[in-house]
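# Residue-level structure breakdown
So you can see what is in the structure, the chains are spelled out below.
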Amino acid sequence: MSHEAAPARSRGLPQPLPRSGDRVQEEVGVMAIRLTFVCAPGGDATLGPLLGDAPLSEQGLRMARAARAVLPAHATAVRAPSVRCAQTADAFGVTAAAEPELRDVDLGAWCGRTVGDLAASDPDGFTAWLTDPDAAPHGGESVRRFCRRTANWLRDLPSDTGSALAVTEAAVVRAALIHALALPERSFWHLAVPPLSAATLTRRGGGWDVGFGHVTPRKDQRWVLSRSATLVCTDGDPFAATARVGGAPRPGVSRETVRSGSE
């Protein structure tokens, strides 16, 4: 075991896999951390019809398999420990280590209940959950506490992580963006993260560059990873506005038209 590889294992990251192609090696050499989050298909575990983890549907599995050919190049991969993310990584054909710190927000007593049920039986608690980042009426995690957990994981990534892929739920992507863009936690629910959307966090100096994308089908049924927007946050000028991952640009968002993918 090399001395350099030990920090990566301590954070749940597997050993870097050998990759072919000079471009990938050059990218890893230039940037210390380039982490791409890909949201598992199957809905948002925190706002879907049924709260909590669930296996992928047949449609979700087909979507994940179709996206396999256009995943960004990466040397290592991690995933949330949920069934949904384990199935997504398998459908991607990716060997991803389960990372406990990337687990979904703890829903406590609400896990397994429906949004409609909560809105009818505990409207005040449900409204507080969506508006107050310190509220935890379900006995689980508050949004602020959850965002702090995700931020701590990002801060503790080894400086030599290189290019990595993270398969997670939508809530984890939101929390990562809150940290990378220095957004207030009250912005959490305003970040729409569709299934199979991608958010790439690149560590440069003292801040993060954030690039957005999503998997989209072409008319000829081929799939490409479209890069739809890029945000750059500096320590002295954090964004006050929120943005939609893979959606139309908002104030402070510059739009890109570059597309990449396998033919």
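Attention here is on the structure that accompanies the text.

Cut-offs and rules
- Residues numbered from 1 in each chain as written.
- Predicted model: local features only at pLDDT ≥ 70, side-chain atom pairs only at ≥ 80, totals over all residues.
- Heavy atoms only, no water.
- Helix = DSSP H or I, 4+ residues; strand = E, 2+ residues; numbered from the N terminus.
- Contact = heavy atoms within 4.5 Å.
- Salt bridge = Lys/Arg side-chain N within 4 Å of Asp/Glu carboxyl O.
- Buried < 20%, exposed > 50% of the residue type's maximum accessible area, 1.4 Å probe, protein only.
- Axes fitted to C-alpha atoms, helices over the stretch in contact; angles between N-to-C directions.
- Parallel < 35°, antiparallel > 145°, perpendicular 65-115°, else oblique.
- Left-handed = near helix turned anticlockwise from the far one by under 90°.
- Nonpolar A, V, L, I, M, F, W, Y, C, P; charged D, E, K, R; others polar.
- Pairing = 2+ DSSP bridges.
- Polar contact = N/O pair within 3.5 Å; in protein donor to acceptor, adjacent residues only side chain to side chain.
- Core = buried A, V, L, I, M, F, W, Y, C linked by side-chain atoms within 4.5 Å.
- Arc of directions from axis to C-beta.

## What about the side chain of T150?
For T150, the location among the structural elements is in helix α7 (residues 143–155). If sequence neighbours within four positions are ignored, T150 has contacts with V172, A175 and A176.

## Focus: the pattern of salt bridges
Inspection of every chain in the model, using the stated rule, returns 8 salt bridges. With its nearest N and O atoms 2.9 Å apart, the salt bridge here joins D117 to R113. For D117, a relative accessible area of 32% gives the class partly exposed. Residues R204 and D209 are paired through a salt bridge, measuring 2.9 Å at the closest nitrogen-oxygen approach. Take R204: its relative accessible area is 42%, and that puts it in the partly exposed class. Linked by salt bridges that have partners in common, D53, R84 and E169 make up one network.

## Comments concerning the packing of helix α3 (residues 58–67) against helix α4 (residues 83–92)
Their axes nearest at 7 Å, the elements α3 and α4 cross at an angle of 40°. One way to sum up the angle between α3 and α4 is to call them oblique. Along this stretch, α3 crosses α4, giving a crossing that reads as right-handed. Residues L61, A64, R65 and A67 of α3 form the contact with α4, whose participating residues are Q87, T88, A91 and F92. Here the residues of the contact of α3 with α4 sort into 5 nonpolar, 2 polar and 1 charged.

## Considering the pairing of strand β5 (residues 197–204)
Burial runs high along β5: 6 of the 8 residues are buried. Pairing analysis gives 6 bridges linking strand β1 (residues 33–39) to β5, with the strands arranged antiparallel. When the bridges of β5 are listed, F37 appears paired with A199.

## A closer look at the side chain of T161
Take T161: it is sitting in the loop between α7 and β4 (162–168). Of note is the side chain of T161, whose polar atom sits 2.6 Å from the backbone oxygen of P158.

## Some thoughts on the nonpolar core
Of all hydrophobic cores here, the largest spans 41 residues; its most connected members are L35, F37, L154 and L201. Taken together, the elements giving at least two residues each to this core come down to β1, α6 (123–131), α7, β4, α8 (170–180), β5 and β6 (207–217). When residues of this core are assigned to their parent elements, the largest contribution, 9 residues, is made by α8. If near-sequence neighbours (up to four positions away) are discounted, L201 is found in contact with I33, R34, L35, F37, L154, A176, L177, A180, W208, D209 and V210. In terms of nonpolar packing, the next biggest core, distinct from the first, is built from 17 residues, A40, A64, L71 and A80 among them.

## Regarding α6
Those residues of α6 that fall on the buried side of the exposure criterion are G125, F126 and W129. Within α6, the buried residues cover an arc of 95° as seen down the axis, which keeps them to one side. Turned more than 90 degrees away from the buried face of α6 sit D124 and T131, all of them exposed. Each element contacted by the buried residues of α6 is listed here: α5 (115–121) and α7.

## Some words on α8
With 11 of 11 residues buried, α8 lies mostly within the body of the structure. One or two steps after α8, the chain reaches A182, where phi turns positive at roughly 55°.

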